[in-house]
Structures are given as C-alpha cells and as structure tokens.
Amino acid sequence: MGYTKIDVMNETGYVVLDMYDQAKDPKEWLDIEYVDWKSSGVTRFAPLASAFGEMECNGFWNHTPPRTDKDGVWVQANTDVAPILKKRAEEPGANIGRCRVIELQPNEYGDALYNMHQDDNNRLNPDGTGWIVRGFFNLSDNPDSMMILREDRFDPSTEVRIPLPAGAQLIVDTQRFWHAVWHQGTEPRYCLITSWESGPELDAYIAKHHGKTRIENYPVTPELAEKAEAHFRRRVDERAAALAAKGIVDESVKDPEA
Ligand SMILES: [Fe+2]
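Residues numbered from 1 in each chain as written. Predicted model: local features only at pLDDT ≥ 70, side-chain atom pairs only at ≥ 80, totals over all residues.

A. Broad picture of the overall build of the protein. Secondary structure assignment for the protein yields 6 helices and 11 strands. Against the compact-globule benchmark of 18 Å for 258 residues, the protein has a radius of gyration of 18 Å, which places it among compact chains. Seen along its three principal axes, the alpha-carbon backbone of the protein occupies a region of about 45 × 40 × 40 Å. The burial tally for the protein puts 42% of its 258 residues in the buried class. (Helix = DSSP H or I, 4+ residues; strand = E, 2+ residues; numbered from the N terminus. Rg over C-alpha atoms; globule rule 2.2 N^0.38 Å. Buried ≥ 20, exposed ≤ 12 C-beta atoms within 10 Å, placed from the backbone.)

Put into structure tokens, the structure is as follows:
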C-alpha cells in the first residue's frame, strides 16, 4: 500500500515556507529546560513533546512499548513557558511526534558535513499511514548558518544549503536526505524541530505558507568547499580505520536526531 506522502514534498524533498516574524515573539526558548542529548555536533535539546510527556528526548521506538514517531505527549513544564512554540507546532493540525528545541554550538563546514545523517523517523510507522517529515523553525537569527542537505552523502553536487535567519521555516524529509547544520557564529543556534505526519492537513499548511521547492544555495567558494570536503572525508576514513582496528565494520552514521 505504501505511505501517504505530499506531492510538493516529493519534488525536491524539502520546502521553504514564508518567513515568520520571529522578532514579535518573546524568546521562550531561553526559558525552557534543556537536557543533554547528543546529536550531530555539540547539542542540547528541550523537549516540548516526548513519548510519554517526560522531560527526555529518546526516539519513541526506544520506549516500552516501542512505537513510531507519532502521538507525542506534551511536556507540561516546558509548554507552560513556551505556549507560542507549542501553538506553532500545532498550527498545521497534523499529528505530532517528537517536538523539541535544539541548541547547537557553532561548528565548521567540514565538521557539519561529517555530522550529516539520515533520520529514522519512520521506524515502526504502519504501512498505509502518513510518512513522517520534520519542520525546522529557526528561532535565533543565524543568516550565515545553513541546513545542509545531500541526496547522496558523498556527492557534493547534490548539496543544498538553506540559510537560517530568524523566522526561517523549512520542512524536510530528513529520512531521505543526509543532513546537518553548519552553524557559523559565536552564540548557540536555537531551532524548533517537529515531527509531522504527512497528509492533507500538512499539505494545506504548506500551500497556505507558499512552500517553495527550490532555493538559492548559500554561496561558498570552491576553495572552501574543497577544503571542507577533504576534512569530511578524512574524518570518515579515520573513523573507519579506528573501528576496523577493533574489528568493527563501519556501517556509517545512523542518528535519529538533529
Ligand atoms: Fe536529523
């Protein structure tokens, strides 16, 4: 039968919505509680919805009973101080799974490439229901930081670089893409990440906010791109060698987060 997917999301695997006027809102993300949760890069997460409403960030499939990334339960201590973020996650009216704010420390282009991973959003997702995709609403103003997407992990020509000023709103099929954020700056980056179920509600929300399936890549010089690629490949090789020395075959990155 297959999963319900959204036509406009299938086109390139992501959409960029109209900018949100982030400046009009209080910075709720500075008042919520974060827990240490290792993802791509140096991160912490503040859960707004979790498997059972607890202050934790684990994938829903790692709980008992294991289940897919749907029917998240609001974490009251955090939603009490972040009602606007909760409302924004609810606006599409689609089923919500994990919903959290990520705090990411600055990093380098080559390390961001190394951090790229595919999410495991649809583990245990029943056939015939909606494919899980993820919304990224940038909260802090990071116009020189970007979401890096690659259809092919080792093919830079497939790279998309979406800038992340405050109010940037993206929806990405993060199971399809290798992805990570390159965050330039001196302060942490904050972003609301929500797992949504594909279906007519999310489709209508994307249309309402004029989802665009293509953007102009954030510019990088060929020299910088080459240097970053070399750094990325070196780290991949070093990791493989380190694991091989222990008799482990490197099966590459499988990170459910970020
Ligand atoms: Fe991710």
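B. Region of interest: helix α6 (residues 222-245). Compared with an ideal rise of 1.5 Å per residue, which puts 24 residues at 34 Å, α6 spans 34 Å between its outermost C-alpha atoms and is within 8% of the ideal. Taken across its 24 residues, α6 has 2 buried, putting it largely on the surface. (Expected span 1.5 Å × (residues − 1).)

C. Here's a closer look at the environment of Ala204. Position of Ala204 among the secondary structure elements: in helix α5 (residues 200-208). The exposure class of Ala204 is partly exposed, given the 14 C-beta atoms found within 10 Å. Separated by 198 residues in sequence, Ala204 and Ile6 place their C-alpha atoms 9.9 Å apart.

D. Here's a closer look at helix α3 (residues 83-90). Along α3, the residues that are buried comprise Leu85, Lys86 and Ala89. Each buried residue of α3 sits inside an arc of 100° when the element is viewed along its axis, so together they form one side. Away from its buried face by more than 90 degrees, α3 exposes Pro83 and Lys87. Each element contacted by the buried residues of α3 is listed here: β3 (43-50), β4 (73-74), α2 (76-79), β5 (96-104) and β11 (189-197). (Arc of directions from axis to C-beta. Contact = placed C-beta atoms within 7 Å.)

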